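Each chain, letter by letter, is given below.
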Amino acid sequence: QVQFVASGGGSVQPGGSLRLSCAVSGSSLYISAMGWYRQSPGNQWELVAGMLLSGEITKYGDSVKGRFTISRGYAKNTVYLQMNNLHPEDSAVYSCKAETGSATTYWGQGTLVTVSS
């Protein structure tokens, strides 16, 4: 059984920062990649940031490059998303995704990020 523990959403003013965390556990899972996606009202889900856990290769959505950083935690299958200089258009539901070595994907419960003055 796959379990997600995600935290860090909330409200912040433009220019502020938030940090999201996501940890995945499962008795026999090999997680090869993790990342964050987001969806705002009226829009499709879009990649925010992703990481191949071996080698820590990262990929970012164009709109967050230079502002957001995904990193791997010391605990197994844990990633963090540091979001700096947040813009109102960053407001969305953010969801953590984990992918196994056999390309099975799992989604965590979304967390709301609101950027507003």
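Higher on the page you've got the structure.
Residues numbered from 1 in each chain as written. Predicted model: local features only at pLDDT ≥ 70, side-chain atom pairs only at ≥ 80, totals over all residues. Heavy atoms only, no water.

Caption draft 1: Fine view of the state of the cysteines. Within this structure, the stated rule accounts for 1 disulfide. One disulfide bridge connects Cys22 with Cys96, the sulfur atoms lying 2.1 Å from each other. Since a negative S-S torsion denotes a left-handed disulfide, the Cys22-Cys96 link at about -90 degrees is left-handed. Remark: Cys96 occurs in strand 9 (residues 92-100) and Cys22 occurs in strand 3 (residues 18-25); sequence separation between them is 74 residues. (Disulfide = S-S within 2.5 Å. Helix = DSSP H or I, 4+ residues; strand = E, 2+ residues; numbered from the N terminus.)

Caption draft 2: Local environment of the side chain of Ser32. By the secondary structure assignment, Ser32 is in strand 4 (residues 31-39). For Ser32, the side chain forms a polar contact with the main-chain oxygen of Thr100, separated by 3.2 Å. Ser32 has contacts with Met51, Leu52, Leu53, Glu99, Thr100 and Gly101, leaving out every residue within four places of it along the chain. (Polar contact = N/O pair within 3.5 Å; in protein donor to acceptor, adjacent residues only side chain to side chain. Contact = heavy atoms within 4.5 Å.)

Caption draft 3: Spotlight on the side chain of Asp90. Relative to the elements of secondary structure, Asp90 occurs in the loop between strand 8 (78-83) and strand 9. Judged by its relative accessible area of 1%, Asp90 falls in the buried class. Of the polar contacts made by the side chain of Asp90, one reaches the side chain of Arg67; its length is 2.7 Å. When sequence neighbours within four positions are dropped, the list of residues in contact with Asp90 reads Arg38, Val64, Arg67, Phe68, Asn85, Val113 and Val115. (Buried < 20%, exposed > 50% of the residue type's maximum accessible area, 1.4 Å probe, protein only.)

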